[in-house]
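# An overview of the molecular structure
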Amino acid sequence: HPGQVTSLSQVSDRLKNSRMFHSMCAGVIPSWLGGSLLRMGPGQFEVGGEPFNHLFDGQALIHKFDLKNGQVTYYRRFIRTDAYVRAMTENRVVITEFGTAAYPDPCKNIFSRFFTYFKGIEVTDNCLVNIYPIGEDFYAVTETNYITKVDPDSLETLKKVDLCKYLSVNGVTAHPHTEADGTVYNIGNCFGKNMSLAYNIVKIPPAQGDESEPLEKSKVVVQIPSSERLKPSYVHSFGMTDNYFVFVEQPVKINLLKFLSAWSIRGASYMDCFESNYSMGTWFHLATKDPAAYMSSHKFRASAFNLFHHINSYEDQGFIVVDLCTWKGHDFVYNYLYLANVKEEWEEVKKAATRAPQPEVRRYVLPLDIHREEQGKNLVSLSYTTATAVLHSDGTIWLEPEVLFSGPRQAFEFPQINYSQRRGKEYSFAYGLGLNHFIPDKIVKLNVQTKETWVWQEEDCYPSEPLFVPTPGATEEDDGVLLSIVVKPGAERPGFLLVLDAMKLTELSRAEVNTIIPVTLHGVYKP
Ligand SMILES: CCC[C@@H](CCO)COc1cccc([C@H](O)CCN)c1
Ligand SMILES: [Fe+2]
């Protein structure tokens, strides 16, 4: 049990089940940088000759870079999810993944296969998206109701947990918010019994210091109604300030009739259950945090965009400032992330990206005080932003954003900030992965107040999400380093951990390993 104090030798020999790579360090790693970078991503892209179709189907691989006294060691291991273990055992895709349908067991006879048609699908536990702490434990996650407890030192898989045992949600996002005391908030779809459709914000208390399981004490703190009864929006992340929750309801919908019906008849996957709503635009919802209450009178509306990653939100003089990585339009961006598209020649990749929604970093400002007599005039009185909010006669408030960053098929995505110091508060700096026609080819720093940008880029190098680690004792918001796993195909040592100075985006060090490191999506730095 993780509660047992395992000696380093015990951890190290348990790590023997992971693949280990020593690194060659160029440059100098700050001596204070002494923890582990933990990241999740897809690691196996086919089983028994059957390919996975989508970026989010590959079997979950956990990556760990141990940093100690300037030395770096890289480990990785497949998570022993049910999806992975059963695929390896049967040498075929057994569990349906995000964009790949599993086929009925060919060894079963016609009758048992007939009855599997009418059983609900087995929801995947393929936790390839993120890893984060709940209490003293670490969980690798996707966005379904299954999360997987892992040992962050030995990378062993400890336990599959079904959130439905503790909460009425069908899943939660891979982007929780964590407070300084360890309290975890998250949001998830609730398809409910009588289709009482909603988005539930859940709260998991911090570790109690005893052996109790924080999840036992988790609860739904507020319900946000769905704009459309049988079609809840896909939710990937949410905003949280000191006193408010921000939920952006995007026009990418889950068709419940498809999602909750028998899939095997159609060889359906999760991607087949999405559809665009062409008339609602995008809705913003607010809820107070403590006491937790939905603010039903604040009906914010904006033009249609896809949203995956909130950057940060904060309160200022009676307004909520909401910074987002948006993709303009209602066509689902995930339609452009099938592996076939990504493997294409550069010309093909560029052509596909031309038709996709266009990325844009945007600032929306939501007024908290809305007086009916002020119809038709801009309610935003913050001096430093051009974002507007206009009350309409039907009681809705129309939002227009300030654009913080925009470039033709140039996305500032996988955003990160100095989270421990600035989450939910006024801030200046965001760090992101630059996607060039969906290809990750640079790391970008953005000053969200001045729109000034800094870039790290190198020929034939493909970085991943840059995680910010503050210098111990620092007071400056950008006093720290960025950690990013970079792939340099064709190089003698084709993978490296890049350590950048977060102030100037200059390279402090790179720890090179002689192995390719498959794409990683999200992760955490464990001091
Ligand atoms: C119809 C979509 C259902 C929602 C869950 C609803 O609560 C998403 O479900 C999955 C299933 C498999 C992999 C994923 C990935 O996390 C996506 C990319 N982050 C999401
Ligand atoms: Fe994400």
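Residues numbered from 1 in each chain as written. Chains lettered and ligands numbered in written order. Predicted model: local features only at pLDDT ≥ 70, side-chain atom pairs only at ≥ 80, totals over all residues. Heavy atoms only, no water.

As recorded in an unreviewed UniProt entry, the protein goes by Retinoid isomerohydrolase RPE65 and comes from Amphiprion ocellaris. Database annotation for the protein, UniProt heading Sequence similarities (unreviewed entry): "Belongs to the carotenoid oxygenase family." (UniProt positions renumbered as here; feature names shortened; annotations may be inferred.)

### Notes on the site of ligand 1
Around ligand 1, a shell composed of 17 residues is seen, among which F56, V129, T142, E143 and F274 lie nearest. Contact between ligand 1 and T142: an oxygen atom at 2.9 Å from a side-chain N or O atom of the residue. Interatomic distance of 3.5 Å between a side-chain N/O atom of N189 and an oxygen atom of ligand 1. Across the shell around ligand 1, the residue classes break down as nine nonpolar, seven polar and one charged. (Near = heavy atom within 4 Å. Polar contact = N/O pair within 3.5 Å; in protein donor to acceptor, adjacent residues only side chain to side chain. Nonpolar A, V, L, I, M, F, W, Y, C, P; charged D, E, K, R; others polar.)

### Overview of the sheet that holds strand β2 (residues 24–27)
If you trace the five strands from one edge of the open sheet to the other, you get β2-β36-β35-β34-β33, paired in antiparallel fashion. Edge strands, defined here as strands with exactly one partner in the open sheet, are β2 and β33 (467–470). Across the sheet, the mean angle separating the axes of adjacent strands is 20 degrees when strand polarity is ignored. (Pairing = 2+ DSSP bridges. Helix = DSSP H or I, 4+ residues; strand = E, 2+ residues; numbered from the N terminus. Axes fitted to C-alpha atoms, helices over the stretch in contact; angles between N-to-C directions.)

### Things to note about the UniProt feature "binding site: Fe cation" (unreviewed entry) in the protein
Per the UniProt annotation, the sites labelled "binding site: Fe cation" (unreviewed entry) are H175, H236, H309 and H522. Across 348 residues in sequence, these annotated residues keep their C-alpha atoms within 12.6 Å of one another, forming a single compact spot. Mapping H236 onto the fold places it in the loop between β15 (219–225) and β16 (239–240). H236 has contacts with E143, T173, A174, H175, L307, F308, H309, Y334 and H522, leaving out every residue within four places of it along the chain. A polar side-chain atom of H236 sits 3.0 Å from a polar atom in the side chain of E143. In this structure, H309 sits in strand β23 (residues 305–316). Residue classification places H309 among the buried residues on the basis of a relative accessible area of 7%. Dropping the residues within four chain positions of it, H309 is found in contact with H175, H236, S237, L324, C325, E413, F414, P415 and H522. At 3.3 Å, the side chain of H309 and the side chain of H175 are in polar contact. (Contact = heavy atoms within 4.5 Å. Buried < 20%, exposed > 50% of the residue type's maximum accessible area, 1.4 Å probe, protein only.)

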